[in-house]
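As a plain string of letters, each chain reads:
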Amino acid sequence: MKFEDLLLEIGGFGRFQILILFFLCLPRINLPMHFLLHNFLAATPSHHCAIPHQEAFVNLTMEEVLLISIPQEPDGTFRSCEMFSEPQFHLLLNSSLQPENSSIIQHCQHGWVYDHSQFISTISTQWDLVCEQRGLNQATATFFFIGVTVGAVVFGYLSDRFGRKAMLLLSLVCSIVFGMLSAASVSYSMLAITRTLTGVALSGVSLIVLPLGMEWVDIQHRTITGILTSIFWSIGNMLLAMVAYLVREWHWLLVAVTGPCLLSIVCLWWVPESARWLIANGKVKQAHRHLLRCARMNGRKDFAVSPEALRRMATDKKPGETYSYISLFRTPVLRKISLCSGAVWFGVAFSYYGMSMNLTGFGLNMYLSQFVFGVIEIPAKVIMYFLVNRVGRRQSQAWALILTGLCIGANIIIPKPFTSLRSVVAIMGKGFSEAAFTTVFLYTSELYPTVLRQNGMGYTSFVARLGGALAPLVFLLDEVWISLPEMTYCGVAVFCGSVAFLLPETLNVHLPEGIEDVE
């Protein structure tokens, strides 16, 4: 008897499974509130050099003081990172005569003054992470995603070794501890370390929540379960916009997005350990108890299986060859699949987080952008559910990613004053980006043989997190050319989308069991 046969007897998608998925969706909602928090945590409001008071300024207005102290851009705005070494009083007579002698212009010497109309404080204003220190501001997102990458390796092993539920509980507890320590940070170094550790902890939540729910669901309902569960990520996206709108101070914003982990811990006490994992690890008494509870809740009162039968299931596994990540690259076809799927995953994550972390670049208010980007993900997920079963996985994956890149590229060409058009194109691009992310999970799981499926998903997930870690740093390229970040996101998305055409189609194809099936 296989575990799938047991699920048919106890009910593979009944009240028991629906309750499990509901409780597991609470931490799922919390994930994007941390993964995309950088948009608000590290937001940089408009700023200019602080001007020390002088006697000569007594009869001048603040606007006049700025006029003689800070150089202007061609559009008339004051520069953010430079000031005059000496006041230029002649500018009071004609402000258009900006000095051409660069030797009288210097970097800010006395700190900065920030516009607090939108944010009470962010980490940028707290530690002056602007101008020469701007790279440190973007690096906070990279540190977080490095933590997520490390956490994927750590919790991937620990959840197989010590169980899904125990490690999910540990990751939630660590998320609260490190999240609150982040909120209490008294230096940039402390924040960087605690955000990295928060990324490690939340990676456990990201990695375990979906498999723990799926291992209780029968085969027929797994795809729709995956889509429905991923919708709660989009709900978290929308909630982040609302929470950030209400909480404008970065310390309390971190507390606000970390607090819900407490509710997840409370709800987790009801969620059972994966019976599949328990049986595989010889803990048949616990598995038997959970299976009986599932059968009763699903109205299958005639279900009866002995612990001895479950013990036989655990010992029925035949010893065979052990596989590792190296096995993904040993044979020609599997090597091609691994290289191409890795490129696709990198492109999907790189473009998704590139768009998600550029809320002010498309003409909408940043809170509205965050909310709309969350809303558009839901129909994108639903459409892709039907599309992948009609036109196939390969075409859906390739074109969703290519169209993401083309939308990003289109906004480079569309002039800034056309804010409505830029917003529509950006929202379309975000929808395509989410469609690509939704498809890649399903497609990748069907490409790899059963004996290597977890290794394949682990490898591609690792590559995706590298894409997520690099995406925030690309914004620094605007110092070379203002449109270079968008060009980079566009180019990577189009190239990686084109690589998807090299992968085999898996629609209506039996899942491969061994490496020989793939070759």
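See above for the structure.
Residues numbered from 1 in each chain as written. Predicted model: local features only at pLDDT ≥ 70, side-chain atom pairs only at ≥ 80, totals over all residues. Heavy atoms only, no water.

Considerations on the overall build of the chain
The condition that has to hold: A run of H or I in DSSP counts as a helix once it spans at least four residues, and a run of E counts as a strand once it spans at least two, with each numbered from the N terminus. Only protein chains enter the accessibility calculation, which uses a 1.4 Å probe. A residue is then buried if its area is under 20% of the maximum for its type, exposed if over 50%, and partly exposed in between. Here, residues are in contact when the closest pair of their heavy atoms is within 4.5 Å. Throughout, the Shrake-Rupley method with a 1.4 Å probe supplies accessible areas, and for residues the shown protein chains are the sole cover considered. For the purpose of charge, His is not counted, nor are the chain termini; Lys and Arg are scored as positive and Asp and Glu as negative. All charge positions are set by atom: Lys at NZ, Arg at CZ, Asp at CG, Glu at CD.
Each helix and strand in the chain was counted, giving 21 helices and four strands. Taken along its principal axes, the extent of the C-alpha atoms in the chain is 95 × 45 × 40 Å. Across the 519 residues that make up the chain, the buried fraction comes to 53%. Taking the intrachain contacts of the chain between residues at least 6 apart in sequence as the baseline, contacts between residues at least 24 apart amount to 78%. With the model as given, the accessible surface of the chain reaches about 23500 Å², and the carbon-plus-sulfur share is 65%. Charge-centre separation for the chain: the mean point of 35 positive side chains lies 16 Å from the mean point of 34 negative side chains.

Quick notes on helix H16 (residues 366-387)
The condition that has to hold: By this rule the span expected of a helix is its residue count minus one, scaled by 1.5 Å. In this context, the arc is that of the directions from the helix axis out to the C-beta atoms. We define a polar contact as two N or O atoms separated by no more than 3.5 Å, with the added condition that, inside protein, one atom must be a possible hydrogen donor and the other a possible acceptor, whereas residues neighbouring each other in sequence contribute only through side-chain atom pairs.
Look at H16: 31 Å from first C-alpha to last across 22 residues, which is about the 32 Å you get at 1.5 Å a residue. Among the residues of H16, those classed as buried are Met366, Tyr367, Ser369, Gln370, Phe373, Gly374, Glu377, Ala380, Lys381 and Met384. The buried residues of H16 all sit within an arc of 155° when viewed along its axis, so they share a single face. Along H16, exposed side chains directed more than 90 degrees from the buried face belong to Ile383 and Phe386. At its buried positions, H16 is contacted by helix H3 (38-41), helix H9 (222-246), helix H15 (332-356), helix H17 (393-413) and helix H18 (419-447). In this structure asparagine 365 caps H16, since a side-chain oxygen of it lies 2.8 Å from the backbone nitrogen of tyrosine 367.

Remarks on the pattern of salt bridges
Proximity of charged atoms lets side chains of opposite charge pair with each other. Our working definition: Salt bridges are defined by distance alone: a side-chain nitrogen of Lys or Arg within 4 Å of a carboxyl oxygen of Asp or Glu.
Within the structure shown, the criterion is met by seven salt bridges. The partner of aspartate 478 in a salt bridge is arginine 134, and the shortest N-O contact between them spans 2.9 Å. One end of the pair, aspartate 478, is in the loop between helix H19 (453-470) and helix H20 (484-499); the other, arginine 134, is in helix H6 (residues 134-162), and 344 residues separate them in sequence. Accessibility expressed as a relative area gives 25% for aspartate 478, which makes it partly exposed. The salt bridge partner of glutamate 377 is lysine 430, with a shortest N-O separation of 2.5 Å. With glutamate 377 in helix H16 and lysine 430 in helix H18, this pair connects stretches of sequence that are 53 residues apart. Accessibility expressed as a relative area gives 1% for lysine 430, which makes it buried. Residues joined by salt bridges that share partners form a network here, namely Arg134, Asp478 and Glu479.

Concerning the nonpolar core
Spelled out, the test is: Residue types Ala, Val, Leu, Ile, Met, Phe, Trp, Tyr and Cys, when buried and joined through side-chain atoms within 4.5 Å, form a set referred to as a nonpolar core. The source of the domain bounds is an automatic or database domain assignment.
If you look at the biggest cluster of nonpolar residues, it comprises 121 residues, and the most contacted ones within it are Leu6, Phe35, Leu168, Leu291, Leu310 and Tyr353. It is H15 that contributes the most residues to this core, eleven residues altogether. Inspection of this core shows a minimum of three residues originating in each of domain 1 (1-42 + 132-317) and domain 3 (327-518). Ignoring anything within four residues of it in the chain, the contact list for leucine 310 reads Leu6, Ile279, Val284, Ala287, His288, Leu291 and Val305. Of all hydrophobic cores here, the second largest spans seven residues; its members include Cys108, Trp112, Tyr114 and Cys131.

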